[in-house]
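A closer look at the structure
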Amino acid sequence: MQLTVVGCSGSAPGPESSCSCYLVETDGYRLLLDLGAGASGPLQRYVPPTAVDAVILSHSHSDHSADFTQLWRLRLVTQAAPLPVIGPSDMPEVLRNNPDCWTPSVAKPGLLTMGPITARLARVEHGECWATRIDDALCYTADSQPCAALDELARGCRVLLAEASGFDADGPMTGHLAAGDAGRLAARSGANLLVLTHLRAWQKPADLLAEAAELAGCPTILAQQGLRVAL
Ligand SMILES: [Zn+2]
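The notes below deal with the structure included here. (Residues numbered from 1 in each chain as written. Predicted model: local features only at pLDDT ≥ 70, side-chain atom pairs only at ≥ 80, totals over all residues. Heavy atoms only, no water.)

Notes on the coordination of the zinc ion
- Around the zinc ion, the protein contributes the donor atoms Asp63 (OD), His64 (NE2), Asp143 (OD) and His198 (NE2), at 2.1 to 2.2 Å from the metal centre.
- In this structure, the zinc ion is surrounded by four donor atoms whose angles at the metal cover 89 to 170°, and the resulting shape is irregular.
- Counting along the primary sequence, the residues that act as donors to the zinc ion give the motif D-H-x78-D-x54-H. Separated by 135 residues along the polypeptide, Asp63 in helix H2 (residues 62-65) and His198 in the loop between strand E12 (193-197) and helix H7 (205-216) bring together distant segments of the chain.
- Asp63 sits in the buried class, given a relative accessible area of 7%. (Donors = N, O, S within 2.8 Å, 3.2 Å for Na, K, Ca; no water. Tetrahedral: all angles 85-135°; square planar, octahedral: opposite > 155°, others 65-115°. Helix = DSSP H or I, 4+ residues; strand = E, 2+ residues; numbered from the N terminus. Buried < 20%, exposed > 50% of the residue type's maximum accessible area, 1.4 Å probe, protein only.)

Laid out in structure tokens, this is it:
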């Protein structure tokens with residue numbers, strides 16, 4: 001199984017990366033986690049738009065969902081079968097109104113079998129937002145402040161893909177993890193690798209990395225567009 005970071009910028013695209021989008025591939029199956037602003041462009045470096053098998057959308061904010069409009073356009077010119085999308089009940093209009101392109105279904109807690117992948121979803125603290133666990137390999141926090149549901153979902157995962165949207169010094173963040181929160185979550189979960197993502201263009205990535213790495217108890221790296229991690 002392999003993780004590819006298609007986009008890792010938080011809240012708005014940055015000069016080096018589109019917003020959140022992650023490709024998980026195993027046994028020829030291709031699952032996307034989120035499709036944020038700008039991500040449909042670099043996505044085409046890694047997978048043809050018609051070859052995505054399913055998408056899990058964490059929540060409907062544009063930095064996680066904006067490029068469904070562009071993916072719809074890219075798929076429109078093909079005969080691709082409708083793409084399953086699992087996501088929040090308030091999915092963007094483009095997902096609700098194009099049954100020829102998508103088969104949307106509302107996320108719920110618990111196990112989800114998608115081809116060779118067993119995913120588990122948990123509702124976390126950021127409006128209606130869903131974090132995803134893929135087998136024992138990967139836990140993606142999406143956007144959330146620290147919470148019991150996230151702790152439970154991350155426990156025992158090998159790779160923790162966690163947002164780092166600010167610093168401990170800024171005080172508790174509503175609806176987001178600070179870099180320190182990501183580090184502490186990695187330590188509690190026993191992860192082997194922490195990958196920091198949702199990096200905001202106005203913050204210094206090296207400082208986020210330093211804060212998280214000191215607390216994580218495991219190797220810690222920054223996501224960047226094109227990063228590949230064997231899971
Ligand atoms: Zn976000």
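Description of the sheet that holds E12
- In space, the seven strands of this open sheet follow the order E7-E8-E9-E10-E11-E12-E13, with mixed pairing throughout. This sheet does not close on itself; its edge strands, each paired only once, are strand E7 (110-114) and strand E13 (220-222). Neighbour-to-neighbour, the strand axes of this sheet turn through a mean angle of 25°, independent of strand direction.
- Bridging between strand E10 (residues 138-140) and strand E11 (residues 159-163) involves three bridges; their strand directions are parallel. Residue pairing for E11: Tyr140 is matched across the bridge by Leu161.
- Running at roughly 155° to E11, helix H6 (residues 179-189) makes contact with E11 and E12 of the sheet.
- Sheet strands touched by H7: E12 and E13. Its angle to E13, the strand with the most contacts, is close to 160°. (Pairing = 2+ DSSP bridges. Axes fitted to C-alpha atoms, helices over the stretch in contact; angles between N-to-C directions. Contact = heavy atoms within 4.5 Å.)

Concerning the packing of H6 against H7
- Two numbers describe how H6 lies on H7: the axes approach to 7 Å, and their chain directions differ by 25°. Taken together, the axes of H6 and H7 lie roughly parallel to each other. Considering how the two elements wind past one another, H6 and H7 form a crossing that is right-handed. Counted together, Ala179, Gly180, Gly183, Arg184, Ala186 and Ala187 of H6 and Leu208, Glu211, Ala212, Leu215 and Ala216 of H7 form the full contact between these two elements.
- Residue classes in the contact of H6 with H7 are distributed as seven nonpolar, two polar and two charged. (Parallel < 35°, antiparallel > 145°, perpendicular 65-115°, else oblique. Left-handed = near helix turned anticlockwise from the far one by under 90°. Nonpolar A, V, L, I, M, F, W, Y, C, P; charged D, E, K, R; others polar.)

Regarding the sheet that holds strand E3 (residues 29-33)
- Strands sit in the order E6-E5-E4-E3-E2-E1-E14 across an open sheet of seven strands; the sheet is mixed. The outermost strands of the open sheet, each flanked by one partner alone, are strand E6 (102-106) and strand E14 (228-230). Each adjacent strand pair in this sheet contributes to an overall mean axis angle of 20°, direction not counted.
- As defined by bridge partners, strand E1 (residues 2-7) adjoins strand E2 (residues 21-26) across five bridges and the pair is classed as antiparallel. From the neighbouring strand, Gln2 faces E2, where its bridge partner is Glu25.

Observations regarding the pairing of strand E5 (residues 83-87)
- Within E5, four of the five residues are buried, which leaves it mostly tucked inside the rest of the structure.
- Pairing geometry for strand E4 (residues 54-56) and E5, over two bridges, is parallel. Residue pairing in the sheet places Val55 in a bridge with Val85 of E5.
- As defined by bridge partners, E5 adjoins E6 across five bridges and the pair is classed as parallel. Note that in E6 the partner of Ile86 across the bridge is Ser105.

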